[in-house]
Amino acid sequence: MSKQGLFYLYAFSILLVMCATNNLLFTWFLPKGLVSAIGIVVPLLYISNTKCDLRKTNLILCFIWGIICLYQVVNRGISSVASLSSRLGMFMCVASVIVIPMSQKKELLRYITKGIAIIVAISLPPWILHLLGVPLPHSKVFLMDDGVHWVTNYYFFLTGDEYNVMKFPRFRGMFVEGGQCAPVCVFLYFANMGVKLGWQKVVFLTALILTFSLAGYVSFTICYILYSVMIAKRYKLLKTSLFFVFVISSFTYVSVNEKSPFNELIIQRLAYDDEKGIAGNNRTTEYAELRFLILMNSSDRYFGLGRELAHSEDKWTDDSSGIKKFILWNGLIGTFLVFLFVIMLVWYNRCPLAVVLGLCAIMNFIVRDLLLSPMWITIVILGIFVLFNRYIKEENKTTCTVVKNKKQNSYS
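Residues numbered from 1 in each chain as written. Predicted model: local features only at pLDDT ≥ 70, side-chain atom pairs only at ≥ 80, totals over all residues. Heavy atoms only, no water.

All right, on to the overall build of the protein then. A count of helices and strands for the protein gives 15 helices and five strands. Intrachain contacts of the protein at a sequence separation of at least 6 include 71% that bridge at least 24 residues. Per element, the accessible surface of the protein, about 20,900 Å² overall, is 65% carbon and sulfur. (Helix = DSSP H or I, 4+ residues; strand = E, 2+ residues; numbered from the N terminus. Contact = heavy atoms within 4.5 Å. Areas by Shrake-Rupley, 256 points an atom, 1.4 Å probe, with all protein chains shown as cover.)

Set out below in C-alpha cells:
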C-alpha cells in the first residue's frame, strides 16, 4: 500500500473510532470488538511506517495520556478482554495523533473536519423537513444499549426525549444528544481558525444554533470574544461586536414569544435559581449531588468510586453529567490528570488560539464529562498543534518582513 493510501486508511480509522465511541447513528451495526481492533492495529501499523515526531514534549504528552488510560483501567477494576481492548485502542489512537508529523496532523484535521461536516450536513435537510411536519419513515421510540437515551431513529437523524419538555426537536443529527453535537461543532470551528472552510463552518454554526445547547452557546460566545480580543485587530473587534449585536437583537426579538424554542430552551434556563444558581445548572440529580457531597468529605475523594460504580447494578450516575460525575468516578487524582494533560498540551503549544481552544475544552468538560472520548480529545489535540504551527509561521513571516524593511531602510 502506498504512503498516501496508508494515511487515508489511518485517517478513516481514527474518524471511525471517534464516531463509534460516541454512538453515532451509522456506527450502531459495528461490533465493538471490531472497532477496538481497528483502533489498535491501524494506528500501530501507520506509526510503524511513518517517521514520527518523537520530541520530548510529545513523549511527555503520550506518557500523561498513558497514565490517564491506565488509571481508569485500574481505578474501575477493568479486567475483561473487550474492555481492555477498548482502552488500548483509545490509547493508541490518541497517542498516534500526538506523534505523527505536523504535516500529517494538518491533513488529519482537514480530513476529520470535512468528514464530520458531511455527517452533520446529511442530517440537516431531513431534520428541517421533519420540523416542517413532513412525515418521514422512522422506528418506534426505543432505549439505547447505554440504558440512558430514549431515541427515535429517522435513519438520517435522531430525535429524543425533548418532546417531554416541548414539541420541538432539538437538532442532534446522528449524535445521541444535541449536547454532544454542539461541542464538537464548537471545537471544529475554533480548531480551524485561520482556514477558509466555507460551507463547513456554515454547517457547524447552523448545527450549533439548532441544537439549542446552552453550554454550546456559552462556550462559543466566550471563546469567540476571547479570540477577537487576543487577535487585537480593530476590524476583527468591530466585526465581532456587530455579529453579537445582530445575534442578541435577533434572539431578543424571537424570545418575545414565550413559547419560542429559544425562550424555553435558553432564556428560561438562564434564570436564577436560589438552590443551584442558574436554572440550566441541572447536570446532576439530587442523589448524585448528595453522594458527591459525601464523597468530598471522605477519603474516597482522591480515587473516586470507579470500582464501586463499574460493578454496581444501580447506575445512579447515568442521569448526570459534568465535572461532578467525573469526580465521582475518577476522584480528584483522575480529574487532576485530565487538567494536567490539557494544561501541558496548551503550554507546549502556547499561542492565543491554542489558549482559546484549551479553555473551550475545559469549559465543556466541566459541563459534560466527555473530554476523554476520542471524538473530543482528538479534535482538541489536533487543533492546538495546528493552531500553534500556524502561529509560529505567521510570527516568522512577520519577523522576516521587519528585518527586510530594516535592511532596506539602512541601504536607503
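Here helix α7 (residues 199-211) contains 13 residues, and its C-alpha end-to-end distance of 18 Å stays within 8% of the 18 Å for a straight helix at 1.5 Å per residue. Among the residues of α7, Gln200, Lys201, Val203, Phe204, Ala207, Leu208, Leu210 and Thr211 are the ones counted as buried. Looking at the buried side of α7, the elements it contacts are α5 (102-131), α6 (178-191) and α8 (214-231). (Expected span 1.5 Å × (residues − 1). Buried < 20%, exposed > 50% of the residue type's maximum accessible area, 1.4 Å probe, protein only.)

Next up on the list: the sheet that holds strand β1 (residues 142-143). Here we have three strands laid out as an open sheet, ordered β1-β2-β3, and antiparallel in their pairing. Two strands lie at the open edges of the sheet, namely β1 and β3 (158-159), each paired on one side alone. As paired elements, β1 and strand β2 (residues 150-153) share two bridges and run antiparallel to each other. Looking across to β2, one finds that leucine 143 is bridged to tryptophan 150. (Pairing = 2+ DSSP bridges.)

Generally speaking, nonpolar side chains in soluble globular proteins are found buried as a group. In terms of nonpolar packing, the biggest core is built from 113 residues, with Ile116, Phe190, Phe341, Met375 and Ile379 touching the most fellow members. Once you skip the residues sitting within four places of it in the chain, isoleucine 116 turns out to touch Leu15, Met18, Val184, Leu188, Phe204, Met375 and Ile379. (Core = buried A, V, L, I, M, F, W, Y, C linked by side-chain atoms within 4.5 Å.)

Quick look at the environment of leucine 15 now. Summarising the element assignment, leucine 15 is placed in helix α1 (residues 3-21). Each C-alpha atom, one on leucine 15 and one on leucine 108, is 9.3 Å from the other, the two residues being 93 residues apart in sequence.

Glancing now at unusual backbone geometry. Residues apart from glycine generally show negative phi values, whereas peptide bonds are mostly found in trans. Positive phi is not limited to glycine here, since asparagine 23 has a value of about 55°. Judged by its relative accessible area of 30%, asparagine 23 falls in the partly exposed class. A positive phi angle, near 50°, is found at phenylalanine 212, a position not held by glycine. Position of phenylalanine 212 among the secondary structure elements: in the loop between α7 and α8.

What follows is about the packing of helix α2 (residues 32-48) against helix α4 (residues 81-99). At a closest axis distance of 7 Å, the pairing of α2 and α4 adopts a crossing angle of 35°. Handedness of the crossing formed by α2 with α4: left-handed. Together, Ser36, Gly39, Ile40, Pro43, Leu44 and Ile47 of α2 and Ala82, Ser85, Ser86, Leu88, Gly89, Met92, Cys93, Ser96 and Val99 of α4 make up the contact between the two elements. For the contact of α2 with α4, the residue count by class is nine nonpolar, six polar and no charged. (Axes fitted to C-alpha atoms, helices over the stretch in contact; angles between N-to-C directions. Left-handed = near helix turned anticlockwise from the far one by under 90°. Nonpolar A, V, L, I, M, F, W, Y, C, P; charged D, E, K, R; others polar.)

Summed over the entire model, instances satisfying the criterion amount to 19 aromatic pairs. Between tyrosine 10 and tyrosine 46, the ring centres sit 4.4 Å apart and the planes meet at 10°, which makes this aromatic pair stacked. With tyrosine 10 in helix α1 and tyrosine 46 in helix α2, this pair connects stretches of sequence that are 36 residues apart. Overall, the relative accessible area of 0% leaves tyrosine 10 in the buried class. An angle of 75° between the planes, with centres 5.0 Å apart, marks the rings of phenylalanine 326 and phenylalanine 365 as edge-to-face. You can see phenylalanine 326 sitting in helix α13 (residues 323-348) and its partner phenylalanine 365 sitting in helix α14 (residues 352-367), a full 39 residues away along the chain. Like phenylalanine 326, the residue phenylalanine 365 is buried in the burial classification. Grouped by ring-pair contacts, the aromatic residues Phe7, Tyr8, Tyr10, Tyr46 and Tyr111 constitute a single cluster. When the ring centre of phenylalanine 385 is taken as reference, the NZ or CZ atom of lysine 105 above it lies at 4.5 Å. In this arrangement the basic side chain of arginine 350 is found over the ring face of tryptophan 347, its NZ or CZ atom lying 3.9 Å from the centre. (Phe/Tyr/Trp six-rings, centres within 6.5 Å; stacked < 30°, edge-to-face > 60°. Lys NZ or Arg CZ within 6 Å of the ring centre and 35° of its normal.)

This paragraph deals with the side chain of asparagine 153. Its place among the elements puts asparagine 153 in strand β2. Look at asparagine 153 and you get buried, because its relative accessible area is 11%. A distance of 2.7 Å separates the side chain of asparagine 153 from the backbone nitrogen of tyrosine 155, its partner in a polar contact. Ignoring sequence-local partners within four residues, the contact set of asparagine 153 consists of Leu25, Trp28, Pro137, His138, Ser139, Phe142 and Leu158. (Polar contact = N/O pair within 3.5 Å; in protein donor to acceptor, adjacent residues only side chain to side chain.)

Below, the discussion takes up the confidence of the model for the protein. Here the protein averages 85 in pLDDT, and 82% of its residues register 70 or above. By mean pLDDT, the top-scoring element of the protein is helix α3 (residues 56-75) (96), and the lowest-scoring one is strand β5 (residues 277-278) (52). (pLDDT = per-residue confidence, 0-100.)

For serine 373, the location among the structural elements is in the loop between α14 and α15 (374-411). At 2.8 Å, the side chain of serine 373 forms a polar contact with the backbone oxygen of leucine 370.

The next thing to look at is helix α11 (residues 286-296). The α-helix advances 3.6 residues per turn, and as a result positions three or four apart in sequence lie on the same side. For α11, every residue scored as buried is listed here: Ala288, Arg291, Phe292 and Leu295. For α11, the buried positions fall inside an angular range of 105° around the axis, keeping them on one side. Turned more than 90 degrees from where α11 packs its buried face, Glu286 and Leu293 sit exposed. (Arc of directions from axis to C-beta.)

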